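Close look at the chain arrangement
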Amino acid sequence: MKEFYIGYLPGAPAGIATRIRWTVLALLAATAASALLFAEVQRTFAPSAFDFGKSRTFRGTIEAHPYPVLVVPRPGNPGNQARYSRYLLVGGGKHGAEEQVANYDGKSVRLEGTLIYRGGQTMLELVRGPISPTEVATALTQPREDLGQFELVGEIADSKCNFGVMNPASGKVHRDCAVRCLSGGIPPAFVVAEFRGAPAVFLLTDANGTALSKEAFLEKVAQPVRIKGRAEKAGDSLFFEITPTAITPLP
Amino acid sequence: MATFLLGAIHGVFGIVQFHSFGDKDPLVSLLTSNRNFGSLADFPFQQLGLVALVILFLMAVTSHDFWLRNLTPPVWKKLHMLVYVAYAALIGHITLGLLQSETSPWLAAGTGASLLTVVGLHLLAARQESRVDARKFQPLPDGFVDACALHSIPEKCAAVVSLSGERIAIFKFDGKVSAISNVCRHQNGPLGEGRIIDGCVTCPWHGYQYLPENGASPPPFTEKVSTFQTQIRDGRVWVNPAPHPPGTRLEPSRIPAGEAAQ
């Protein structure tokens, strides 16, 4: 006769007890193995940092357009590198920093921010305290270098997550977050696997070099797209000037 | 409950990370950020996860006999059968979400293995159960049908037959035979797979008990199931498929001395 057991009986029959014991052990082992496997087989991503909770004071010049940037002279002799570091500025959470920097375009300031970076892309999340103009007026102008017309395939992402807040910061799983960030004013990034032989991240602007209207791209975020436009460079930052109709989703 | 808690941790984490601190209410963002319901590849998978989580929440908060009593067993059971909707939504959540971004075959294989296991076990169970339902019986003019051989029922156990669309559990115990409905009033558990413990039919799922002669739970419990008239003729058990109202006492058939030894 088959063994029978109900929880309120004083003890389980030997066969059922043994089976349950081994089943629990097997499930624990399977759970641990699944967790390890899941961690192991996920896509890798480039190293990044978001110094969440740690802010520092930065001094530089605000460039409010097309997207807020703090331009900071590099110390010492930069050699072949650009003479200035460019820190894209964003607000807390999923908000841009346009309003915070609106009155400081072209001015030298001191501000407090949390560093975000991945590869050569750097960003500051503005944190508590006001932006303070500094006495020394070292306004900088960074001329843009025209790199020519290109047709590139890549993905539109929000620059904050892409520069280091999220890992990964691309693909369908991250789409809603990217939509929310871009809708909140985070500058739109165009991430391409190859531009002149290397991966590249552009900031999208309209054909006049000003901030691109959100309506132009919000429905095309985090999916493969082909975009025709003009590439430009300012310091270490790349820009891609496009017309709103130039974004073509790929199947 | 554990599954809901795991899902809730995942859901809250996702809502905080992906939808909070922005220009919209997080729940509004969750429901409106992706509205490509017409596209399979772009289908809004997060809403599917929300559907699964809401169902798991309802199941978790009603996982108590208070709710079983107040909702009534049929409503409660229907609510908890939504676990299949939740599972389907979960599979959609994974295949239309994670598997669209991650390319490792291991993840697809794991999801497929889960789906195969669940579907496979249900198909196996359906095949096994359909054998019980497929068996045909010819009733005599007095309404009784030849249900099974007496010796095929182990002591304090039951044979299950499907008569007139109803499953009946025929129990043999202490030299007697009684037949009651196979369906436990608690959560539709299969009483025929239970045992006689302390003189009561004991459901294998949660241990609800019924007296075999009247189908009623011993006091102070109040659950009752239908009972069926039995007879023993020439070593075989005959059952009248006409159900008696739940709790109706029917004298158990006594096993003749000669047949009890078989």
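Residues numbered from 1 in each chain as written. Chains lettered and ligands numbered in written order. Predicted model: local features only at pLDDT ≥ 70, side-chain atom pairs only at ≥ 80, totals over all residues.

Observations regarding the domain arrangement of chain A
Residues and elements named next belong to chain A. What the domain assignment lists for chain A is domain 1 (48–133) and domain 2 (145–249). A C-alpha centroid distance of 19 Å is found between domain 1 and domain 2. Counting residues at the interface gives 21 residues for domain 1, matched by 21 residues for domain 2. Elements with a contribution of two residues or more to the side of domain 1 that touches domain 2: strand 1 (48–50), strand 4 (84–90), strand 5 (108–118) and strand 6 (121–126). Sorting elements by how many residues they give to the side of domain 1 that touches domain 2 places strand 4 first, with 4 residues. Of the residues assigned to the side of domain 1 that touches domain 2, the class counts are 11 nonpolar, 6 polar and 4 charged. (Domains from an automatic or database assignment. Contact = placed C-beta atoms within 7 Å. Helix = DSSP H or I, 4+ residues; strand = E, 2+ residues; numbered from the N terminus. Nonpolar A, V, L, I, M, F, W, Y, C, P; charged D, E, K, R; others polar.)

Things to note about the sheet that holds strand 7 (residues 209–210) of chain B
All names here are of chain B. Taken in spatial order, the 3 strands of this open sheet run 5-6-7, and their pairing is antiparallel. Sheet topology places strand 5 (195–197) and strand 7 at the edges, where each strand pairs with a single neighbour. In terms of strand pairing, strand 6 (residues 200–202) meets strand 7 through 2 bridges, oriented antiparallel. Of the residues in strand 7, the one forming a bridge with Thr202 is Gln209. (Pairing = 2+ DSSP bridges.)

What about the environment of Ala82(A)?
All names here are of chain A. Position of Ala82 relative to the elements: it lies in the loop between strand 3 (69–73) and strand 4. We classify Ala82 as partly exposed; it has 16 C-beta atoms within 10 Å. For the pair Ala82 and Ile20, spaced 62 residues apart in sequence, the C-alpha separation works out to 66 Å. If we ignore the near neighbours within four places in the chain, the residues touching Ala82 are Gly235 and Asp236. (Buried ≥ 20, exposed ≤ 12 C-beta atoms within 10 Å, placed from the backbone.)

Examining the domain arrangement of chain B
In terms of domain boundaries, chain B breaks down into domain 1 (2–101) and domain 2 (145–260). Computed from C-alpha atoms alone, the centre-to-centre distance between domain 1 of chain B and domain 2 of chain B is 41 Å.

Focus on the confidence of the model for chain A
It should be kept in mind that the predicted coordinates are not to be read in detail where pLDDT is low. Per-residue pLDDT for chain A averages 91, and the proportion of residues at 70 or more is 96%. Looking across chain A, the model is least confident in strand 7 (residues 132–133) of chain A, with a mean pLDDT of 89, and most confident in strand 8 (residues 145–158) of chain A, with 96. (pLDDT = per-residue confidence, 0-100.)

As for the pairing of strand 11 (residues 224–234) of chain A
All names here are of chain A. Relative to strand 11, strand 8 runs antiparallel, the two sharing 10 bridges. Residue pairing in the sheet places Gly148 in a bridge with Ala231 of strand 11. In this structure, strand 11 lies alongside strand 12 (residues 237–242), joined through 5 bridges in antiparallel fashion. Residue pairing in the sheet places Ala234 in a bridge with Ser237 of strand 12. Counted along the chain from strand 11 to the antiparallel partner strand 12, the turn is 2 residues long, and its residue Gly235 has a positive phi close to 60 degrees.

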